[in-house]
Amino acid sequence: MKRTEIVSVFQKRAFGLALTIGAASFVMAQQKVNISGNVKDLNGAIGYSSITFKNTQNAQLSDAVLADADGNYKLSLAPGNYEVSIEAVDYKKFTKTVVISKAGAIAPFVIVSSGKANLTNTTEIQGVVITATTKPLKVEIDKKTYDVKSDLTAVGGNLQDVLQNVPSVSVDPDGTVSMRGSSNVKFLVNGKPSALLGIDDGANALQAIPADQIDRIEVITNPSSKYDASGTAGILNIILKKNTKMGFNGSTVGTLGYLPKTSLNANLNWRKGNWTWFVNGGGGYNESKSKNWTDANYTTFPLYDNLNAVDRYQERGYQISRYKNTTKNYNGTAGLVYNINEKTSANASITIRSFNMENKAPVAYTDYLTNGDVVTGFRNSTGTNSNNGAQADLGLDHKFDDKGQNISLSLSLQKNNSDGDNNVDQNYRSKILQDAINQKTSNKSLVGKADYELPIGESSTFNAGYKIDVNHNDYNFGVLRKNNNDLIFSTIGVEDYNNMTNYRENINAVYAQFKSKIGSFGYQVGVRDELSDITLDYQNLSGKDNINNRKKNYNNLFPSVFLIYNLSKDNQFLLNYSRRIDRPRSFFLVPFMSFNDSQNIFKGNPNLNPAYIDSFELGYNISKKKFSLNPTLYFRKENDDVKMTLAYINGTFITQPQNLGYDERFGLDLNYSYDPFAWWKIMGEVDVYGYKTSGNYTYSDSTGNLVPISYDGSGTSTRLRMSNTFKIDKTLNLQLQGNYRGAQVEGANDQRATYFINMGASKTIWKGDGTITFNIQDIFNTRARRVIQSGDGFARESYMQWQPRQASVSFTYRFKQGEKVEQPKKKKDINANESGDDQQAPM
């Protein structure tokens with residue numbers, strides 16, 4: 001062999017040997033070692049805390065683990081420097097830098113309580129749910145949080161179904177939401193107004209958000225200065241699902257039900273490195289039926305007509321309708337979160353929503369006259385409504401340091417459009433006519449927020465912020481009529497109902513809030529200043545009631561005070577006060593908005609002014625292993641209260657909002673939970689309240705006479721709610737829920753009691769990856785509203801059943817391909833796998 005060849009072979013082998021030795025050295029350098037440790041506080045071990053070891057040189061060497069019930073954990077790490085962060089419910093976030101050099105136990109980590117009474121701690125791991133406590137209600141200094149995952153009867157339903165079981169909240173059969181007897185509720189989604197709720201759509205908006213996309217609901221009965229001052233009854237903040245696991249994960253939920261009902265929703269998430277991508281949405285089809293009737297009896301026998309030159313007078317009028325609606329709704333959100341660095345992250349998302357409805361509303365009239373004649377008639381209405389919305393959100397969060405100083409910036413742009421058409425055929429009171437009705441509504445809004453937080457020392461925090469809220473609403477209402485002898489449709493006789501409205505609302509707000517703690521005593525004080533600038537323009541064909549550039553401007557301060565005294569970690573007294581405002585809703589100000597029923601018309605009032613409320617609460621909270629108790633005494637007084645007045649003019653009932661007197665509410669709201677056995681959990685609410693209202697209203701009847709109506713009234717009423725959950729075995733749960741709302745009399749309005757019972761059951765399959773849920777809403781078909789209204793010369797009873805009994809079955813499948821952590825060996829509970837992880841990022 002030649003010398004050069006020998007040298008070449010030697011060089012290649014030497015190089016290969018060097019690579020082998022180098023690779024071996026690298027592998028040895030990255031060889032993981034087994035470590036173990038413990039998490040505790042001053043009183044002992046803390047179970048189920050989340051522990052993250054972040055390698056400061058190489059993020060790929062980072063790992064995470066969940067401590068078991070005794071606070072112990074084990075995992076394998078490559079030697080090096082790590083930043084350890086620990087998170088546990090009811091405890092402040094813990095961070096510390098450690099050096100891992102060899103196998104073995106490391107010193108215990110001691111974490112500090114946050115002083116909050118968190119009642120729920122559920123973590124999902126590899127298809128198994130580890131449950132520390134399962135109480136679905138969390139009580140904090142200024143709000144309560146209801147965990148939707150505990151509600152089996154709402155699976156496959158919508159936001160309206162969920163709200164039926166939320167503490168301190170009631171949902172009437174017509175979809176009206178109230179809190180402790182007041183319906184002026186402010187809705188937020190992830191802390192801000194949302195296109196998912198549409199514009200002025202009432203119950204339809206609640207049906208547009210699937211229950212499967214909701215994680216929890218914050219009930220803020222007495223909001224602090226940090227929140228909007230509007231919504232005198234309080235704020236309901238709908239928190240949608242979001243995901244923090246690494247890799248690809250998510251869930252899908254499909255539902256079939258009767259009355260015909262189908263839906264499919266998905267929450268998908270992919271997280272890698274500094275990027276998180278999410279796509280969430282779904283759609284559904286639903287048929288609903290409702291039954292309404294009114295029965296009016298007259299004591300002064302108004303003139304009915306003049307048939308054959310003979311006056312006839314009415315003694316009684318009865319009408320009944322059976323509505324049928326078909327709805328199709330779709331919504332979707334896509335977005336991303338990017339961690340620019342360890343202290344700054346940015347997020348962006350786009351949301352679209354579509355809600356389409358077709359309805360048939362036949363009405364049958366029967367009138368009884370004093371001479372014994374019985375006159376019948378009918379009115380058939382068919383229509384469509386299309387409601388579409390879009391929303392774009394941008395956000396930036398920055399941490400100034402590791403002590404908690406941070407700022408959050410957000411901008412939201414929304415647009416909503418509603419277009420409704422109705423065709424009416426009527427043969428009533430010797431009038432044969434056809435009406436073509438069209439209503440278009442457009443809303444554009446901008447919401448910008450800046451929130452700053454500054455920790456001061458170990459137990460104090462200062463918050464400040466600014467918000468701008470701009471809303472532009474346009475209403476276009478049109479009616480064309482063709483009488484029996486007409487050849488074409490025209491606006492003759494319905495000029496008042498052809499109108500256009502432009503509503504502009506600009507609200508600028510700033511707030512400052514300080515929170516601190518002295519021993520067992522904690523306090524939070526704040527003030528909010530809101531400057532409202534409202535402009536209204538209204539024009540109709542008749543030229544009557546036209547409004548040109550009417551302005552309403554007001555600037556108000558809204559203070560809040562929250563006090564808490566901790567007898568122990570889970571035993572507190574709470575006392576708070578806040579002042580709030582009830583701005584008239586935009587369509588309350590428009591003189592004419594309703595023409596779908598010529599016998600019952602809603603008429604707006606451009607002279608409405610805001611109402612102001614002072615609210616006080618005294619509460620107590622105790623939470624133990626088997627029970628929790630949260631009684632709250634409350635009192636609130638609303639001045640210039642907005643009441644819905646009822647007048648009877650020319651054979652038509654006219655409803656109109658008016659500022660009348662005051663409204664006082666006082667009572668005891670008791671929320672409780674009790675687990676008598678491991679297989680039986682009880683949760684409930686008892687709200688016993690009194691009310692006192694004052695107000696007088698006078699209107700002119702068809703003859704010009706003044707008719708006074710008093711809305712003075714007082715009395716007591718009750719709301720009862722109870723939920724019983726039975727754990728049949730490790731994979732099967734059964735739930736029964738009962739709701740009762742007592743009768744209530746307020747002056748001329750007498751509302752009767754309502755009650756209903758729901759049932760749900762869930763079965764976990766495929767090692768926790770799947771769940772089958774069955775539920776029945778309103779088992780005995782009793783959920784209906786009955787109201788008796790009285791006035792000068794008449795008494796009218798109304799009945800409404802918004803939705804009859806429904807049943808559905810849902811199937812949930814969970815993708816669990818995210819980052820794995822070591823599975824604890826204690827307290828496995830695959831029965832409670834309604835995951836809070838398969839969730840949606842903030843909008």
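Calculation rules
Residues numbered from 1 in each chain as written. Predicted model: local features only at pLDDT ≥ 70, side-chain atom pairs only at ≥ 80, totals over all residues. Heavy atoms only, no water. Helix = DSSP H or I, 4+ residues; strand = E, 2+ residues; numbered from the N terminus. Buried < 20%, exposed > 50% of the residue type's maximum accessible area, 1.4 Å probe, protein only. Contact = heavy atoms within 4.5 Å. Areas by Shrake-Rupley, 256 points an atom, 1.4 Å probe, with all protein chains shown as cover. Polar contact = N/O pair within 3.5 Å; in protein donor to acceptor, adjacent residues only side chain to side chain. Phe/Tyr/Trp six-rings, centres within 6.5 Å; stacked < 30°, edge-to-face > 60°. Lys NZ or Arg CZ within 6 Å of the ring centre and 35° of its normal. Pairing = 2+ DSSP bridges. Axes fitted to C-alpha atoms, helices over the stretch in contact; angles between N-to-C directions. Patch = residues over 30% accessible without salt bridge, like charges linked within 9 Å, V, L, I, M, F, W, Y side chains within 5 Å. Salt bridge = Lys/Arg side-chain N within 4 Å of Asp/Glu carboxyl O. pLDDT = per-residue confidence, 0-100. 1 Å grid on protein atoms, 1.4 Å probe; cavity = no way out; pocket = protein on both sides within 12 Å on 5 of 7 lines; lining within 4 Å. Points joined across faces, edges and corners; volume = space filled by probe spheres on them. Nonpolar A, V, L, I, M, F, W, Y, C, P; charged D, E, K, R; others polar. Core = buried A, V, L, I, M, F, W, Y, C linked by side-chain atoms within 4.5 Å.

1. So, the overall build of the protein
Looking only at helices and strands, the protein features 3 helices and 50 strands. When burial is assessed residue by residue, the protein has 51% of its 843 residues classed as buried. Considering only contacts in the protein between residues 6 or more positions apart, those separated by 24 or more positions represent 67%. About 37,600 Å² of surface is accessible on the protein, with carbon and sulfur atoms providing 56% of the total.

2. Some words on the side chain of lysine 643
Structurally, lysine 643 can be placed in strand 36 (residues 642–649). At a separation of 3.4 Å, a polar atom in the side chain of lysine 643 contacts the main-chain carbonyl oxygen of tyrosine 662. Sequence-distant contacts of lysine 643, defined by excluding residues within four places in its chain, comprise Gln656, Pro657, Gln658, Leu660, Tyr662, Thr693, Ser694 and Tyr711.

3. Here we look at the packing of aromatic side chains
Tallying each qualifying case throughout the model produces 26 aromatic pairs. Ring centres of phenylalanine 400 and tyrosine 452 lie 6.2 Å apart, and the angle between their planes is 70°; on these two criteria the pair is classed as edge-to-face. Of this pair, phenylalanine 400 sits in the loop between strand 25 (374–399) and strand 26 (406–428) while tyrosine 452 is found in strand 27 (residues 431–456), placing the two residues 52 residues apart along the sequence. Through a chain of ring-to-ring contacts, three or more aromatic side chains come together here, namely Tyr298, Tyr648, Phe653 and Phe794. Across the ring face of phenylalanine 756, the terminal group of arginine 783 is positioned such that the distance to the ring centre comes to 4.7 Å.

4. Concerning the sheet that holds strand 3 (residues 50–55)
Reading across from one edge, 4-3-6-7 is the order of the 4 strands in this open sheet, with antiparallel pairing throughout. Where the open sheet ends on each side, the last strands, each with one partner, are strand 4 (63–66) and strand 7 (94–100). Sheet twist, expressed as the mean angle between neighbouring strand axes with direction ignored, is 20°. In this structure, strand 3 lies alongside strand 6 (residues 80–87), joined through 6 bridges in antiparallel fashion. Opposite phenylalanine 53, over in strand 6, you have valine 84 as the bridge partner.

5. Considering a nonpolar patch on the surface
The grouping of Leu256, Trp766, Ile772, Phe774, Val809 and Phe811 at the surface amounts to a nonpolar patch, some 550 Å² of accessible area in total. Elements that contribute at least two residues to the nonpolar patch include exactly strand 47 (770–777) and strand 50 (806–818). Take phenylalanine 774: it is sitting in strand 47.

6. Some details on the environment of arginine 353
Examined against the element boundaries, arginine 353 turns out to sit in strand 24 (residues 344–369). A C-alpha to C-alpha distance of 9.0 Å links arginine 353 and asparagine 416, two positions 63 residues apart in sequence. Here asparagine 416 takes part through its side chain, which lies 2.9 Å from a polar atom of the side chain of arginine 353.

7. Considering the sheet that holds strand 37 (residues 652–659)
The strand order across the open sheet formed by 3 strands is 33-37-36, and the pairing between neighbours is mixed. Looking at which strands have only one partner, the edges of the open sheet turn out to be strand 33 (600–602) and strand 36. With strand direction ignored, the average angle separating the axes of adjacent strands in the sheet is 25°. Taken together, the 8 bridges between strand 36 and strand 37 define a ladder with antiparallel strand orientation. Note that in strand 37 the partner of isoleucine 649 across the bridge is threonine 652.

8. Let's talk about the pattern of salt bridges
Tallying each qualifying case throughout the model produces 23 salt bridges. Here arginine 312 makes a salt bridge to aspartate 373, at a shortest N to O gap of 3.0 Å. One end of the pair, arginine 312, is in strand 23 (residues 310–339); the other, aspartate 373, is in the loop between strand 24 and strand 25, and 61 residues separate them in sequence. Among the residues examined, arginine 312 registers a relative accessible area of 11% and is labelled buried.

9. A few points about unusual backbone geometry
Residue tyrosine 258 is joined to leucine 259 through a cis peptide bond whose omega torsion reads 5°. Topologically, leucine 259 is positioned in the loop between strand 19 (247–258) and strand 20 (261–272). The backbone of aspartate 545 shows a phi angle near 60°, a positive value even though the residue is not glycine. One can find aspartate 545 in the loop between strand 30 (521–540) and strand 31 (547–568). A relative accessible area of 43% places aspartate 545 in the partly exposed class. Phi at asparagine 549 is positive, roughly 50°, even though this residue is not glycine. Position of asparagine 549 among the secondary structure elements: in strand 31. Accessibility expressed as a relative area gives 45% for asparagine 549, which makes it partly exposed.

10. Regarding the confidence of the model for the protein
Mean pLDDT over the protein: 82, with 87% of residues reaching 70 or higher. Per-element averaging of pLDDT across the protein places strand 10 (residues 120–125) at the bottom with 32 and strand 29 (residues 499–518) at the top with 95. With pLDDT under 50 throughout, residues 817–843 is counted as low confidence; its partners more than four residues away or in other chains account for 121 contacts.

11. Concerning empty space enclosed by the protein
A complete count under the given rule lists 11 cavities of 30 Å³ or more for this structure. What the second largest cavity holds in volume is close to 490 Å³. Lining the second largest cavity are 38 residues, and of these Asn158, Asp161, Lys261, Asn286 and Gln806 lie nearest its centre. Residue composition of the lining of the second largest cavity, by class: 12 nonpolar, 21 polar and 5 charged.

12. Let's talk about the pairing of strand 28 (residues 460–483)
Taken together, the 24 bridges between strand 27 and strand 28 define a ladder with antiparallel strand orientation. Looking at the pairing, glutamine 434 lines up with lysine 482 of strand 28. Connecting strand 27 to the antiparallel partner strand 28 that follows it, the hairpin turn spans 3 residues, and glycine 457 within it adopts a positive phi of roughly 70°. Pairing between strand 28 and strand 29: 17 bridges, direction antiparallel. Each bridged residue has a counterpart across the sheet, and for tyrosine 466 the counterpart in strand 29 is valine 510.

13. Quick word on the environment of leucine 541
By the element assignment, leucine 541 lies in the loop between strand 30 and strand 31. Distance in space between the C-alpha atoms of leucine 541 and isoleucine 492 is 9.9 Å, their sequence separation being 49 residues.

14. Some points on the side chain of aspartate 675
Inspection of the secondary structure assignment puts aspartate 675 in strand 38 (residues 662–677). Among the residues examined, aspartate 675 registers a relative accessible area of 11% and is labelled buried. If we ignore the near neighbours within four places in the chain, the residues touching aspartate 675 are Lys625, Lys626, Trp680, Lys681 and Ile682.

15. Looking at the nonpolar core
In globular proteins that are soluble, nonpolar side chains generally tend to be buried together. Judged by nonpolar contacts, the single largest core of 26 residues is most densely connected at Ile437, Phe477, Val479, Tyr497, Ile581 and Phe595. Sorting the residues of this core by element identifies strand 28, strand 30, strand 31 and strand 33 as the ones contributing at least two each. The contacts of tyrosine 497, once residues within four sequence positions are left out, are Phe477, Gly478, Val479, Phe592, Ser594, Phe595 and Ile601. Judged by nonpolar contacts, the second largest core, of 24 residues, contains Tyr146, Leu159, Val185 and Ile209.

16. Looking at the pairing of strand 24
One ladder, built from 23 bridges, connects strand 23 with strand 24; its direction is antiparallel. Along strand 24, the bridge assignment pairs arginine 316 with tyrosine 368. Between the end of strand 23 and the start of strand 24, which pair antiparallel, lie 4 residues. As paired elements, strand 24 and strand 25 share 25 bridges and run antiparallel to each other. Paired with serine 354 across the strands is asparagine 388, a residue of strand 25. Here strand 24 hands over to strand 25 after 4 residues, with glycine 372 in that stretch at a positive phi of 95°.

17. Notes on the environment of aspartate 496
Residue position: aspartate 496 is located in the loop between strand 28 and strand 29. For aspartate 496, a relative accessible area of 17% puts it in the buried group. Sequence-wise, aspartate 496 and aspartate 545 are 49 residues apart; in three dimensions their C-alpha atoms are separated by 8.9 Å. Sequence-distant contacts of aspartate 496, defined by excluding residues within four places in its chain, comprise Tyr538, Asn540, Ser542, Lys544 and Phe592.

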